[in-house]
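# A closer look at the structure
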Amino acid sequence: IEFYVAHLAPPTRRHADDPQVQAGEKAFAEFGCATCHRPTLHSGPNPRFPRLADQSFAPYADLLLHDLGPALADGRPDYRANGRQWRTPPLWGFGLLDQLNENVGFLHDGRARNAEEAILWHGGEASRSRQLYRKAPASTRAALLSFLQSL
């Protein structure tokens, strides 16, 4: 099972050539979302599964802990994470979630019903990104949401 899961291909990105999606990708970077939701990571050595070693991949995550502020805090430390810290989840496959589950919930506890709510719940280290999103024109916000749906 471990071999099978490790070798599953990530979901393929869709509509990457769409101008709306490209504008959203640009906004994603300009708002600072890509600071934590990094577009590209690179794997290191993997003696157990050599074909997975030294590979670039696009999870749209850094897989690190970030303080997302008091609004998302649950006050329950977990190992080295305090009650305000959350691991950046990969966004690959984001646009396919509603096809997999009609009751999609976002964030660590499912409180956000859609991508926009999830963005607006971000605080702490992501406060600036949230504010830039809120102040952006409706067309830029729509482009960003189109980009997320392309993942």
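A short tour of the structure in this document, coming up. Think of each chain on its own: its residues are numbered from 1, step by step along the sequence as written. Thresholds applied to this predicted model are a pLDDT of at least 70 for local features of residues and 80 or more for the giving and counting of side-chain atom pairs; totals over whole chains, interfaces and linings are not thresholded and use all residues. Computation of side-chain values: all heavy atoms of the structure, hydrogens and water removed.

## Section: the overall build of the chain
Helix and strand counts for the chain stand at 6 helices and 4 strands. Secondary structure elements follow DSSP: runs of H or I of four or more residues count as helices, runs of E of two or more count as strands, with numbering from the N terminus. Listing every helix and strand of the chain by position from the N terminus yields α-α-β-β-β-β-α-α-α-α. Projected onto its principal axes, the C-alpha coordinates of the chain cover approximately 45 × 40 × 30 Å. Scored against the burial criterion, the 151 residues of the chain give a buried share of 32%. Within the chain, residue pairs in contact and separated by at least 24 positions form 54% of the contacts whose partners lie at least 6 positions apart. Across the chain, 17 positive and 16 negative side-chain charges occur, with their mean positions spaced 4 Å apart. The classification of residues rests on relative accessible area computed with a 1.4 Å probe and restricted to protein chains. Under 20% of the type maximum is buried, over 50% is exposed, and intermediate values are partly exposed. In this analysis, two residues are considered to be in contact whenever any of their non-hydrogen atoms come within 4.5 Å of each other. Charge assignment: positive for Lys and Arg, negative for Asp and Glu; neither His nor the chain ends contribute. Where a charge sits is defined by one atom per residue type, namely NZ (Lys), CZ (Arg), CG (Asp) or CD (Glu).

## Quick word on the pattern of salt bridges
In the sections that follow, a salt bridge refers to a side-chain nitrogen of Lys or Arg positioned within 4 Å of a carboxyl oxygen of Asp or Glu. Taken as a whole and judged by the stated rule, the model has 6 salt bridges. The closest approach of N and O atoms between lysine 26 and glutamate 30, which form a salt bridge, is 3.8 Å. Of the two residues, lysine 26 and glutamate 30 both sit in helix α2 (residues 19-30), 4 residues apart, roughly one turn of that helix. Lysine 26 sits in the exposed class, given a relative accessible area of 53%.

## Quick look at the packing of aromatic side chains
What describes a pair of aromatic rings is the distance from one ring centre to the other and the angle between the planes of the rings. Any pair of Phe, Tyr and Trp rings, taking the six-membered ring for Trp, is counted once the centres come within 6.5 Å. Such a pair is stacked with planes under 30 degrees apart, edge-to-face with planes over 60 apart, and tilted for the rest. Per the counting criterion, the structure on display carries 7 aromatic pairs. With a centroid separation of 6.2 Å and 45 degrees between ring planes, the pair formed by phenylalanine 57 and tryptophan 92 is classed as tilted. Here tryptophan 92 lies in the loop between β4 (85-87) and α3 (97-100) and phenylalanine 57 lies in strand β2 (residues 56-57), a separation of 35 residues in the sequence. Here tryptophan 92 falls in the partly exposed class, since its relative accessible area comes to 32%. A ring pair is formed by tyrosine 60 and phenylalanine 147, whose centres lie 5.8 Å apart and whose planes are at 70 degrees; its orientation type is edge-to-face. Of this pair, tyrosine 60 sits in the loop between β2 and β3 (65-67) while phenylalanine 147 sits in helix α6 (residues 138-150), and the two are 87 residues apart along the sequence. Here phenylalanine 147 falls in the buried class, since its relative accessible area comes to 0%. In this structure, arginine 111 is placed above the aromatic ring of tryptophan 121, and the distance from its NZ or CZ to the ring centre is 4.5 Å. A ring is considered to have a charge above it if a Lys NZ or an Arg CZ atom is located within 6 Å of its centre and within 35 degrees of its normal.

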